[in-house]
Amino acid sequence: MINLQLIISSPLLVTSVIFFILPLLTWVVLKGQRYRSVSYWCASGLMYGLGFFLMGLRGTVPDWVSFPVAILLIYFAALGRVQSLLYILRKPLSYSFMLLSALLFIALFEGIRLGLEDGELRILFSLSINMVFCAILGVLAWRIARLYRFSNAYLLVFVQLVLVIIISSNIIKLMSGLISPEDIMANIISLKAGAIGAIAAVIANFAFIGMSLDSVISREAKLEINKFDAINKSQLVIAQLDRQRSLGAMAASLGHELNQPLTAIMTFTQMAKQGVNKGLLDAIQLNAILDEVMSNTRRANLIIEKVRGFIRPEALKKSCVPMDQLVKDAAQFIRQDAMSRNVELVFSQDKGSLIVLGDETQLSQVLLNIYRNALEAMAGQKTGKIYTAVQHVKPWIVIAVSDNGPGFSETVLENIGEPFFTTKPDGLGLGVSISKSIIEQHHGKLLMSNAKDGGALFEILLPDVDCDQCKKSDTDACPKI
Ligand code: ADP
């Protein structure tokens, strides 16, 4: 028969009721976020409750129920709490390890209880195991707090620390003979211990709920970051597709550029072959010819590398870019195409430093887009001109590119720069919008208007900064690219 008087008066039984209620509450609050860690936490709460309940019935139920069964339930409950935190850290224990450790624990406990019949050692052993579990939980909560920056985990660390201090002081008192095992048992089932246990359980549960909610927030934040990354990545891919499109305009110039070093390589190799066959070359002459072959191979390699760098999708690479050189390099890419269309390329540049902080590939992509558009706009004309001026107009470095094509109609001026706006039957309508976002990313502006004497005018405005200084120390005056 269960002694009802004992159930109501024993603080252990009151604690067990709290342990029953808390996991149910946690389960309800975390509806929708019931990950493995939550399931383990709640299940272990119920096991604690049942274990304490059976312990509280000691003397009124058979010993095997109030001792091994109750103790084993409490052991599994503690292990479940550890597993719950390990799931948050994504390093759960294996089931076989949990089972083996429980078997070992209960074998030792029962060995001490029934084999040695040593009450003091049994209590000492139980307290030590309890303390180890509290310490492990504290360490795991600390790791979670540091790793994921979950502030609620610190609360759990605090609770575990307090429990470790209380239990260890009891162990020390028991070992030094300050208190007897009977006193400890009386302590454990005292109102004070019950109250401390209940408060600790409540705080620990709320800390866990907080941690789980922290984890949901961080999961959602990560999803957002992933989405953001995906958008950034797709922008990179679109920019790369756009650069590949510019390859069409570059192809003729590339062929021409590559032709020179390749022809030179061919000529020098033939010279070497004939010279060696006819015995006309000495070692010094042969060396000189081979040097020529090597330097032309390097030149061809450099051209290929440049094109590869241009079409490869890459993250932003900041460097000090000399604008006059960038303009010349970009023009070189379309020179052949321009010549075949009778379009003359005219340049002018201000004296002094015309260096900007930016990504060379992306900036040349903008220029190539403008050149490609200018060439396409003048496709119906017999001749054409593209003027490029690099100017220093404080606080900007300005690259103004104009042509003598038809210029922009009012509708085009209203819509140009909008993604997918095009007036060409085979157009994508991405060139100007990508260029605009590249320049804005460089903290500059891309302006479109009609030139004074007709034709389209693109003005690229980039911040005029002390580039070397900005590369050394990122001050407020430096654009954050
Ligand atoms: P796409 O070249 O695929 O049409 P862009 O974004 O590069 O896409 O250009 C958008 C539109 O801007 C073009 O379709 C054209 O109408 C107009 N445009 C761009 N550059 C010029 C220019 N130099 N002269 C006249 N119109 C231009």
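So, here's what we can say about the structure. This is a predicted model, so every value here is computed, not measured. (Residues numbered from 1 in each chain as written. Predicted model: local features only at pLDDT ≥ 70, side-chain atom pairs only at ≥ 80, totals over all residues. Heavy atoms only, no water.)

Things to note about the sheet that holds strand 2 (residues 343-349)
So, step 1. A sheet is described by the order of its strands in space; here 5 strands give the open sequence 2-4-5-7-6, paired in mixed fashion. Either end of the sheet is taken by a strand with one partner, and the two such strands are strand 2 and strand 6 (445-450). Averaged over neighbouring strand pairs, the angle between their axes works out to 15° when direction is ignored.
So, step 2. As paired strands, strand 6 and strand 7 (residues 456-463) are joined by 6 bridges and run antiparallel to one another. Bridge assignment links Met448 to a residue of strand 7, and that residue is Phe458.
So, step 3. Lying on the sheet, helix 11 (residues 323-340) is in contact with strand 2, strand 4 (384-393), strand 5 (396-403) and strand 7; it crosses strand 2 at an angle near 170°. (Pairing = 2+ DSSP bridges. Helix = DSSP H or I, 4+ residues; strand = E, 2+ residues; numbered from the N terminus. Axes fitted to C-alpha atoms, helices over the stretch in contact; angles between N-to-C directions. Contact = heavy atoms within 4.5 Å.)

Thoughts on helix 7 (residues 151-175)
So, step 1. Counted at 1.5 Å a residue, the expected span for helix 7 with its 25 residues is 36 Å, and the 37 Å between its end C-alpha atoms agrees.
So, step 2. If you check which residues of helix 7 are buried, you get Ala153, Leu156, Val157, Val159, Gln160, Leu163, Ile167, Asn170, Ile171 and Leu174.
So, step 3. Positive phi appears at Gly177, one or two residues downstream of helix 7, with a value of about 80°. (Expected span 1.5 Å × (residues − 1). Buried < 20%, exposed > 50% of the residue type's maximum accessible area, 1.4 Å probe, protein only.)

Let's talk about the pattern of salt bridges
So, step 1. Scanning the entire structure with this criterion turns up 5 salt bridges.
So, step 2. Arg341 is the partner of Asp337 in a salt bridge, and the nearest nitrogen-oxygen pair spans 3.4 Å.
So, step 3. Of the charged contacts, one joins Lys424 and Glu376 as a salt bridge, the two residues approaching to 2.6 Å between their closest N and O atoms. Residue Lys424 is located in the loop between helix 13 (410-415) and helix 14 (431-441), and its partner Glu376 is located in helix 12 (residues 360-377); the two are separated by 48 residues in the primary sequence.
So, step 4. Relative accessible area serves as the criterion here: at 27%, Lys424 is assigned to the partly exposed category.
So, step 5. A single network of salt bridges, built from pairs that share partners, joins Arg372, Glu376 and Lys424. (Salt bridge = Lys/Arg side-chain N within 4 Å of Asp/Glu carboxyl O.)

Concerning helix 4 (residues 63-88)
So, step 1. Here helix 4 spans 37 Å end to end across 26 residues, near enough to the 38 Å set by a 1.5 Å rise per residue.
So, step 2. The sharpest bend along helix 4 reaches about 25° and sits at Ala70.
So, step 3. Most of helix 4 sits inside the fold, with 21 of its 26 residues counted as buried.
So, step 4. At the C-terminal side of helix 4, Arg90 shows a positive phi close to 60°. (Bend = angle between axes of the 7 residues up to and from the residue.)

Some remarks on the packing of helix 5 (residues 95-116) against helix 6 (residues 119-148)
So, step 1. Packing of helix 5 against helix 6 brings their axes to within 9 Å, and their N-to-C directions diverge by 160°. With respect to each other, helix 5 and helix 6 are oriented roughly antiparallel. By crossing handedness, the relation of helix 5 to helix 6 is classed as left-handed. Of the residues in helix 6, those touching helix 5 at Phe105, Leu108, Phe109, Ile112, Arg113 and Leu116 are Leu121, Arg122, Phe125, Ser126 and Ile129.
So, step 2. In terms of residue class, the contact of helix 5 with helix 6 is made up of 8 nonpolar, 1 polar and 2 charged. (Parallel < 35°, antiparallel > 145°, perpendicular 65-115°, else oblique. Left-handed = near helix turned anticlockwise from the far one by under 90°. Nonpolar A, V, L, I, M, F, W, Y, C, P; charged D, E, K, R; others polar.)

So, the side chain of Asn296
So, step 1. Tracing the sequence through the fold places Asn296 in helix 10 (residues 283-311).
So, step 2. Here Asn296 falls in the buried class, since its relative accessible area comes to 8%.
So, step 3. Among the polar contacts listed, one links the side chain of Asn296 to the backbone oxygen of Glu292, at a separation of 3.0 Å.
So, step 4. Look past the residues within four positions of Asn296 in its chain and what remains in contact with it is Pro261, Ala264, Ile265 and Phe268. (Polar contact = N/O pair within 3.5 Å; in protein donor to acceptor, adjacent residues only side chain to side chain.)

Considering the packing of aromatic side chains
So, step 1. This structure, assessed with the given rule, holds 12 aromatic pairs.
So, step 2. Relative to Phe52, the ring of Phe19 has its centre 5.4 Å away and its plane inclined at 55°; by these criteria the two rings are tilted. Residue Phe19 is found in helix 2 (residues 11-29), and its partner Phe52 is found in helix 3 (residues 36-56); the two are separated by 33 residues along the sequence. Here Phe19 matches Phe52 in class, with each residue buried.
So, step 3. Between Tyr75 and Phe105 the ring centres are 4.5 Å apart and the planes differ by 15°, which places this aromatic pair in the stacked class. (Phe/Tyr/Trp six-rings, centres within 6.5 Å; stacked < 30°, edge-to-face > 60°.)

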